[in-house]
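Each chain, letter by letter, is given below.
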Amino acid sequence: MPQIEVLDEKTIDRIAAGEVVERPSSVVKELVENAVDAKATAITIEIKDGGISFIRITDNGQGIPKEEVQKAFLRHATSKLKKIEDLLTISSLGFRGEALSSIAAVAQVEVITKTASELTGTKYRIEGSKEIGQEEIGAPEGTTFLVRNLFYNTPARHKFLKSAQTEASYISTLVERLALSHPDISFQLIVNNQPKLHTNGNTKLKDIIYHIFGRDIAAGVLPVRAQCDLFSIDGYIGKPIIARGNRNFEIYFINGRYIKSTLLTKCIEDAYKPYLMKHQYPFTVCICRWTANGWM
Ligand code: ADP
Ligand code: MG
């Protein structure tokens, strides 16, 4: 009979990390969502080597209070949920408190952060779940995460990464979607020291569409807006002339999140049916919000 063993903390952390952190783009997603939750109005994402060796995310959000920095890296540590009832009203993107602990389990992480009410900031380092140290440091308000050498201690996962170029392209697509879903936040993406995307956060979705997809697409979209008791939709849909050859441009966000739903895809494509030829797919960027009543 094989003996039953209880896994040690480190192994548990690394297994949990596997669920949250699959590749560099998952790190970027989690850290940017945290910045959005921290009410940042400007977020800079810098990557090198497809994010495998270097990811730096800087935000001008609320920051993490000195005495809570260490706690933020514990598993199930979150400031967004206190009791089970909160799940019904939560509006932030993340709330399971697993991202930072997972990232720190499989990379070398440094955070510099300062809240508005503190005079000095905090620098904290943690590598492979092992705390390296914490010190006081001069810093602007907000938070900078530096994530180096992803999967340096889990070679089996490292092996599954694609080329730096492919990983970088996943991050670009992700940042484009994040920028589209938050027109009120200025996003900047820098890949290997080259600026790739810079949105100005002026709340104009059409400007971001122009920026990401170019002039022809921006000239071929129509605004849509609808509101009822249960939900609201705001965004742009493409005229048939800018129809695409695949579904990658059927973009919609539900309550701030980019999702894929077969139901919504079918609704959109059904509505377009009279206007498109076979194997043509619409261009859409729709920001949808369920109201609390509709969602429950
Ligand atoms: P969750 O987002 O699910 O709460 P995370 O592990 O992603 O869990 O983050 C843990 C906590 O660390 C957050 O609840 C938040 O309090 C704090 N935090 C993380 N990133 C930031 C940030 N960029 N700005 C301010 N606080 C942050
Ligand atoms: Mg989070």
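All values derive from a computational prediction rather than experimental measurement.

About the cut-offs
- Residues numbered from 1 in each chain as written.
- Chains lettered and ligands numbered in written order.
- Predicted model: local features only at pLDDT ≥ 70, side-chain atom pairs only at ≥ 80, totals over all residues.
- Heavy atoms only, no water.
- Near = heavy atom within 4 Å.
- Polar contact = N/O pair within 3.5 Å; in protein donor to acceptor, adjacent residues only side chain to side chain.
- Areas by Shrake-Rupley, 256 points an atom, 1.4 Å probe, with all protein chains shown as cover.
- 1 Å grid on protein atoms, 1.4 Å probe; cavity = no way out; pocket = protein on both sides within 12 Å on 5 of 7 lines; lining within 4 Å.
- Sits in = over half its atoms within 2 Å of the grid points.
- Phe/Tyr/Trp six-rings, centres within 6.5 Å; stacked < 30°, edge-to-face > 60°.
- Lys NZ or Arg CZ within 6 Å of the ring centre and 35° of its normal.
- Buried < 20%, exposed > 50% of the residue type's maximum accessible area, 1.4 Å probe, protein only.
- Helix = DSSP H or I, 4+ residues; strand = E, 2+ residues; numbered from the N terminus.
- Pairing = 2+ DSSP bridges.
- Core = buried A, V, L, I, M, F, W, Y, C linked by side-chain atoms within 4.5 Å.
- Contact = heavy atoms within 4.5 Å.
- Points joined across faces, edges and corners; volume = space filled by probe spheres on them.
- Nonpolar A, V, L, I, M, F, W, Y, C, P; charged D, E, K, R; others polar.
- Axes fitted to C-alpha atoms, helices over the stretch in contact; angles between N-to-C directions.
- Parallel < 35°, antiparallel > 145°, perpendicular 65-115°, else oblique.
- Left-handed = near helix turned anticlockwise from the far one by under 90°.

A.B. asks: Describe the site of ligand 1, with residues and values.
C.D. replies: Not every one of the 20 residues close to ligand 1 is listed here, only the nearest: Asn34, Thr78, Ser79, Lys80 and Gly97. Interatomic distance of 3.5 Å between a side-chain N/O atom of threonine 143 and a nitrogen atom of ligand 1. Within the complex, the protein chains bury 93% of what would otherwise be the 540 Å² of accessible surface of ligand 1. Taken atom by atom, the bulk of ligand 1 overlaps the largest pocket.

A.B. asks: I'd like a rundown of the packing of aromatic side chains, residues and numbers included.
C.D. replies: Overall, the coordinates contain 7 aromatic pairs when judged by the stated rule. Members of the aromatic cluster, joined through ring pairs, are Phe73, Tyr124 and Phe145. Positioned over the ring face of phenylalanine 54 is lysine 48, at 4.4 Å from the centre of the ring. The ring of tyrosine 258 has arginine 177 sitting right over it, with the charged end atom 4.0 Å from the ring centre.

A.B. asks: Describe the pairing of strand 11 (residues 250–254), with residues and values.
C.D. replies: Burial runs high along strand 11: 5 of the 5 residues are buried. Every second residue of strand 11 is oriented toward a common face, with Glu250, Tyr252 and Ile254 on one face and Ile251 and Phe253 on the other, all of them buried. Here strand 11 pairs with strand 13 (residues 284–290) via 5 bridges, running parallel. Along strand 13, the bridge assignment pairs tyrosine 252 with cysteine 286. Pairing of strand 11 with strand 12 (residues 257–258), which is carried by 2 bridges, proceeds in the antiparallel orientation. Looking at strand 12, one finds that isoleucine 254 is bridged to arginine 257.

A.B. asks: Hey, could you go over the environment of lysine 260 for me, with residue numbers and the actual values?
C.D. replies: Positionally, lysine 260 belongs in the loop between strand 12 and helix 9 (262–272). The sequence separation of lysine 260 and serine 92 amounts to 168 residues, and the corresponding C-alpha distance is 19 Å. At 2.8 Å, the side chain of lysine 260 forms a polar contact with the backbone oxygen of glutamate 250.

A.B. asks: Which residues make up the environment of glutamine 227, and what are the values?
C.D. replies: The topology assignment puts glutamine 227 in strand 9 (residues 221–227). On the basis of relative accessibility, which here comes to 71%, the residue glutamine 227 falls in the exposed class. Spatially, the C-alpha atom of glutamine 227 lies 9.6 Å from that of cysteine 288, the residues being 61 residues apart in sequence.

A.B. asks: Run through the nonpolar core, naming residues and quoting values.
C.D. replies: Counting 62 residues, the largest nonpolar core has Ile43, Ile45, Phe73 and Leu180 as the members making the most contacts within it. A per-element tally of this core places helix 6 (residues 164–181) first, with 7 residues.

A.B. asks: Talk me through the side chain of aspartate 59; I want residue IDs and the actual numbers.
C.D. replies: For aspartate 59, the position within the fold is in strand 2 (residues 54–59). Reaching out from aspartate 59, the side chain makes a polar contact with the backbone nitrogen of glycine 61 at a distance of 2.8 Å. Dropping the residues within four chain positions of it, aspartate 59 is found in contact with Ala35, Ala40, Ala42, Ile43, Glu141, Gly142 and Thr143.

A.B. asks: Give a detailed account of the layout of surface pockets, specifying residues and quantitative values.
C.D. replies: The computed volume of the largest pocket comes to approximately 890 Å³. If you trace the largest pocket, you find 34 residues lining it, with Asn34, Ala77, Thr78, Ser79 and Lys80 closest to the centre. Elements that contribute at least two residues to the lining of the largest pocket include exactly helix 2 (24–37), strand 2, helix 3 (69–72), helix 4 (99–105) and strand 6 (142–148). Sorting elements by how many residues they give to the lining of the largest pocket places helix 2 first, with 7 residues. By residue class, the composition of the lining of the largest pocket is 14 nonpolar, 9 polar and 11 charged.

A.B. asks: Lay out the packing of helix 6 against helix 7 (residues 205–213) in plain terms, naming residues and giving numbers.
C.D. replies: Between helix 6 and helix 7, the least distance of the axes is 9 Å, while the angle of their chain directions is 165°. One way to sum up the angle between helix 6 and helix 7 is to call them roughly antiparallel. Of the two elements, helix 6 crosses helix 7, and the hand of that crossing is left-handed. Between helix 6 and helix 7, the residues in contact are Glu176, Ala179 and Leu180 and Leu205, Ile208, Ile209, Ile212 and Phe213, respectively. Its residues assigned to classes, the contact of helix 6 with helix 7 comprises 7 nonpolar, no polar and 1 charged.

Everything listed here is a matter of geometry and, on its own, says nothing about what the molecule does.
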